[in-house]
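The chain contents come next:
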Amino acid sequence: MKHRIRAAGVILSKNKEILLVRHVDHTGEWWVPPGGGFNDQDYSTIDTVKREVFEETGLTVQVGPLLYIREYSETSTDIHHMEVFYLITEYFGKETIDNLKGLGGDEFLIKELKWFAQGDFDNVTVWPEELKDKFWLNLSTRNPPVQYLGVHAEPL
């Protein structure tokens, strides 16, 4: 089994909306915070978040506290993913997916960016699912603890 580290940024606007990226492939559609895999040029997962958020959204970010740790077992590809999600409240630029052109991979998977307010998640698949409800409850906590979200497995 291969292993992969993925780091993502939960970008929170001053209007209390979060920016998510819509992915579409032959299995369906889902929304996730912008992010991606740790690679050789990254010194830390914070570097990964900065690089990946810029690639997927065009935004330059200052990475805040760690929110979530999630594991995901992708049986179809024999990859075990470790995901970390950081809160981002400071960002600069204009959101766009134009940076993906010519990169392959995500260029064909990512279809759009959208700001979501609390309650905007009816009939939408979002990962991690905590962004639909628990995230909003934790915003009022001054220093919310890092939450381990468990191990999720792809259906067989």
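The structure reproduced in this document is the subject of the present report. Remember, it's a predicted structure, so these values are computed and weren't measured experimentally. (Residues numbered from 1 in each chain as written. Predicted model: local features only at pLDDT ≥ 70, side-chain atom pairs only at ≥ 80, totals over all residues. Heavy atoms only, no water.)

Bringing the pairing of strand 7 (residues 79-88) into the picture now. In terms of burial, strand 7 is a largely internal element, nine of the 10 residues being buried. When strand 6 (residues 66-74) meets strand 7, the two strands line up antiparallel, connected through eight bridges. Opposite Leu66, over in strand 7, you have Tyr86 as the bridge partner. Here strand 6 folds back onto strand 7, and the loop between the two strands holds four residues, one of which, Asp78, carries a positive phi near 60°. (Buried < 20%, exposed > 50% of the residue type's maximum accessible area, 1.4 Å probe, protein only. Helix = DSSP H or I, 4+ residues; strand = E, 2+ residues; numbered from the N terminus. Pairing = 2+ DSSP bridges.)

For the rest of this paragraph, the subject is the layout of surface pockets. Reported here for the second largest pocket is a volume of approximately 190 Å³. The wall of the second largest pocket is formed by 14 residues, among which Leu67, Leu87, Asn138, Thr141 and Pro144 lie closest to the centre. Among the elements of the structure, strand 6 and helix 3 (134-138) are those that each provide at least two residues to the lining of the second largest pocket. Sort the elements by how many residues they give to the lining of the second largest pocket and strand 6 lands first, with three residues. Residue composition of the lining of the second largest pocket, by class: nine nonpolar, four polar and one charged. (1 Å grid on protein atoms, 1.4 Å probe; cavity = no way out; pocket = protein on both sides within 12 Å on 5 of 7 lines; lining within 4 Å. Points joined across faces, edges and corners; volume = space filled by probe spheres on them. Nonpolar A, V, L, I, M, F, W, Y, C, P; charged D, E, K, R; others polar.)

For any pair of aromatic rings, the description rests on two quantities: the centre-to-centre distance and the angle between the ring planes. Per the stated rule, a full pass over the model turns up five aromatic pairs. Ring plane angle 70° and centroid distance 6.4 Å describe the contact between Tyr68 and Phe85, whose orientation is recorded as edge-to-face. Pair noted here: Tyr68 is in strand 6 and Phe85 is in strand 7, with a separation of 17 residues, a long-range link. Phe85 shares its class with Tyr68; the two are buried. Ring centres 5.1 Å apart and planes at 10° place the aromatic pair Phe116 and Phe121 in the stacked group. Given the relative accessible area of 6%, Phe121 is considered buried. Among the aromatic residues, those joined into a ring-pair cluster are Trp31, Phe116 and Phe121. (Phe/Tyr/Trp six-rings, centres within 6.5 Å; stacked < 30°, edge-to-face > 60°.)

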